[in-house]
Amino acid sequence: LEEGDPARPGGQQVDGEVSGTPRLRGLGDPSLRATTAPGGSRTEVMAEGSEPGPALPDGDVTPGAAPQRAGQQEEALMTELSELVQKVVKSSSWWERHGVDISILTCSFLLLPAGFLCLRSAQAIPFLAGVLTLGVVHHTLTVKGSHLASHNALTESKSWGKVWAIFFIELCSAFTVEQATYNHVKIHHGYTNVIGLGDSSTWKLPFLNRYVYMFIAPLAVPILTPLVALDLLRNVEWKAALRTLCCMFLGFYCHYWLLLHVSGFQSPWSALLCMLLTRSLLAHPYIHVNIFQHIGLPMFAANRKPKRIHLMSLGVLNLPRNALLDWSFGHSLISCHVEHHLFPSLSDNMCLKIKPIVSQYLKQKKLPYNEDTYSSRLQLFLQRYEELMVHAPPITELVGIQ
């Protein structure tokens, strides 16, 4: 589960957008202990427009003698935008709010038999079609499904939301619900691009060089994910840990059993190799998307961060629409990431629907609305990898954010 980071020095803006050329210094790799839920407590998704995360004081974000008035103006902007979005949500049907995304997940399930059967073929084209099918289905369930479930965006029922979270996050993704929702919803969304909290530092591996990190390390994601999950089980209650272990084992064993008995693999090692291949098929864009959309943007100190609307408009970036990634990862992680961070409880389809409203409103109020291409971000990270992924980001000056 994904994602946020650095800034242009001094928080300078050009035409309402923040430059993606930060200067950074040595942060290293902050421990996950700052992002684990005390006692394994479960975090609920915040209401739209509310200030998420544990309470930390907002610093004065305006120069001069009127920080309180400026703070009220910022809250009024968020309230006004929330009202515009709520009108769209209330006028939308259940199909638009939840049905479209549920249908995508359902179609992915229905494609599973075809994928396993294609792997029975001794011919290259059907076999590769099976690998491609299972790889796309796996990432749709584990990335899109888990992300929506962590925000309770698949259903309006909290009880069913918990069921779907366990299914997608633990059974399909081999991670623990409590830690996934805490780290992603409470910390990353609550403190987007706040240094030491939601700054995406857990995605940094400073001991790797740029080419290994960007092109080779993603292949290890299917192996590292359950290992990290097992380590985090120390921070949850024993009942939750036992449930997670059972779901993780069931998910892996079902995949392995189907490869042996449906796809016809003759040896355990060949089945395990196919599991690794399908589960890492889209691991490269998964890693890239999580760093492209936050790292390289303004970073803030916990006691001197702007209000919600500025925090999200400054520290989040949208990528262009892409048919494969839109299906597998969802709009909220690709082309509507700004909208998702402003209104995290909305589904992917609803984020796409409110995108024109949010972009027009932010530009009208002369707030940043960051957009960039995948190739441009990839080139930036390859050129400035040391600054962006190895050293610590500078804290953005809040002068001019009003």
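For clarity, every value in this text was computed on a predicted model and none was experimentally measured.

## Regarding the UniProt feature "transmembrane region" (unreviewed entry) in the protein
Here is step 1 of the chain: Mapped onto this structure's residue numbering, the UniProt feature "transmembrane region" (unreviewed entry) falls at residues 211–233 and 240–262.
Here is step 2 of the chain: For residues 211–233, the end-to-end C-alpha separation is 32 Å, with 78% helix and 0% strand making up the annotated structure.
Here is step 3 of the chain: Between the C-alpha atoms that bound residues 240–262 there is a distance of 32 Å. The span itself is 96% helix and 0% strand.

## Side note on a nonpolar patch on the surface
Here is step 1 of the chain: Taken together, the side chains of Ile223, Leu224, Leu227, Val228, Leu230, Leu245, Leu273 and Leu276 make up a nonpolar region of the molecular surface, amounting to roughly 670 Å² of accessible area.
Here is step 2 of the chain: The set of elements that each furnish at least two residues to the nonpolar patch consists of helix H7 (221–232) and helix H9 (268–279).
Here is step 3 of the chain: At five residues, H7 tops the list of elements feeding residues into the nonpolar patch.
Here is step 4 of the chain: Mapping isoleucine 223 onto the fold places it in helix H7.

## Quick word on the confidence of the model for the protein
Here is step 1 of the chain: Here the protein shows a mean pLDDT of 85. Residues at 70 or above account for 81%.
Here is step 2 of the chain: Scored below 50 in pLDDT, residues 1–63 makes 216 contacts in the model with residues more than four places away or belonging to other chains.

## Observations concerning the side chain of lysine 204
Here is step 1 of the chain: Inspection of the secondary structure puts lysine 204 in the loop between helix H5 (177–188) and helix H6 (210–216).
Here is step 2 of the chain: For lysine 204, a relative accessible area of 0% puts it in the buried group.
Here is step 3 of the chain: Here the side chain of lysine 204 touches leucine 388 through a polar contact of 3.4 Å, landing on its backbone oxygen.

## A closer look at unusual backbone geometry
Here is step 1 of the chain: Even without being a glycine, alanine 174 presents a positive backbone phi close to 60 degrees.
Here is step 2 of the chain: Relative to the elements of secondary structure, alanine 174 occurs in the loop between helix H4 (158–172) and H5.
Here is step 3 of the chain: Taking the relative accessible area as the measure of exposure, alanine 174 reaches 3% and is therefore buried.
Here is step 4 of the chain: The phi angle at serine 200 is positive, at roughly 65 degrees, despite the residue not being glycine.
Here is step 5 of the chain: Along the chain, serine 200 falls in the loop between H5 and H6.

## Comments concerning the packing of helix H3 (residues 124–150) against H4
Here is step 1 of the chain: Packing of H3 against H4 brings their axes to within 9 Å, and their N-to-C directions diverge by 145 degrees. Crossing geometry of H3 relative to H4 is assigned as left-handed. Along its contact with H3, which presents His138, Leu141, Thr142, Gly145, Ser146, Ala149 and Ser150, the element H4 presents Gly161, Trp164, Ala165, Phe168, Ile169 and Cys172.
Here is step 2 of the chain: Class assignment of the residues belonging to the contact of H3 with H4 gives a composition of seven nonpolar, six polar and no charged.

## Comments concerning the nonpolar core
Here is step 1 of the chain: Core analysis: the biggest nonpolar cluster contains 28 residues, and Tyr213, Met214, Tyr286, Ile291, Phe329, Phe381 and Met389 have the highest contact counts within it.
Here is step 2 of the chain: For this core, the secondary structure elements donating two or more residues are H6, helix H10 (283–292), helix H15 (374–383) and helix H16 (385–390).
Here is step 3 of the chain: Looking at this core element by element, the count peaks at six residues for H10.
Here is step 4 of the chain: Not counting residues within four places of it along the chain, the set of residues in contact with methionine 214 comprises His284, His288, Ile291, Phe292, Leu378, Phe381 and Leu382.

## Description of the layout of surface pockets
Here is step 1 of the chain: Roughly 360 Å³ of volume is contained in the second largest pocket.
Here is step 2 of the chain: Lining the second largest pocket we find 18 residues, and of these Leu112, Leu141, Gly251, His255 and Arg279 sit closest to its centre.
Here is step 3 of the chain: Only helix H2 (94–118), H3, H4, helix H8 (238–261) and H9 provide two or more residues apiece to the lining of the second largest pocket.
Here is step 4 of the chain: Tallied by class, residues from the lining of the second largest pocket come to twelve nonpolar, five polar and one charged.

## Some remarks on the pattern of salt bridges
Here is step 1 of the chain: Inspection of the entire model under this criterion finds 13 salt bridges.
Here is step 2 of the chain: The partner of glutamate 178 in a salt bridge is arginine 243, with the nearest N and O atoms 2.9 Å apart. Here glutamate 178, found in helix H5, pairs with arginine 243, found in helix H8; they are 65 residues apart in sequence, far enough to count as distant.
Here is step 3 of the chain: For lysine 355, the salt bridge is made with glutamate 371, and the minimal N-O distance between the two is 3.9 Å.

## Section: the packing of H2 against helix H14 (residues 348–364)
Here is step 1 of the chain: Orientation of H2 relative to H14, taken along the N-to-C sense of each, is 130 degrees, at an axis distance of 7 Å. Considering their axes alone, H2 and H14 lie oblique with respect to each other. Contacts between H2 and H14 involve Glu96, Arg97, Val100 and Asp101 on the former and, on the latter, Asp348, Asn349, Met350 and Lys353.
Here is step 2 of the chain: Considered class by class, the residues forming the contact of H2 with H14 number two nonpolar, one polar and five charged.

Parameters and conventions
Residues numbered from 1 in each chain as written. Predicted model: local features only at pLDDT ≥ 70, side-chain atom pairs only at ≥ 80, totals over all residues. Heavy atoms only, no water. UniProt positions renumbered as here; feature names shortened; annotations may be inferred. Helix = DSSP H or I, 4+ residues; strand = E, 2+ residues; numbered from the N terminus. Patch = residues over 30% accessible without salt bridge, like charges linked within 9 Å, V, L, I, M, F, W, Y side chains within 5 Å. Areas by Shrake-Rupley, 256 points an atom, 1.4 Å probe, with all protein chains shown as cover. Salt bridge = Lys/Arg side-chain N within 4 Å of Asp/Glu carboxyl O. pLDDT = per-residue confidence, 0-100. Contact = heavy atoms within 4.5 Å. Buried < 20%, exposed > 50% of the residue type's maximum accessible area, 1.4 Å probe, protein only. Polar contact = N/O pair within 3.5 Å; in protein donor to acceptor, adjacent residues only side chain to side chain. Axes fitted to C-alpha atoms, helices over the stretch in contact; angles between N-to-C directions. Left-handed = near helix turned anticlockwise from the far one by under 90°. Nonpolar A, V, L, I, M, F, W, Y, C, P; charged D, E, K, R; others polar. Core = buried A, V, L, I, M, F, W, Y, C linked by side-chain atoms within 4.5 Å. 1 Å grid on protein atoms, 1.4 Å probe; cavity = no way out; pocket = protein on both sides within 12 Å on 5 of 7 lines; lining within 4 Å. Points joined across faces, edges and corners; volume = space filled by probe spheres on them. Parallel < 35°, antiparallel > 145°, perpendicular 65-115°, else oblique.

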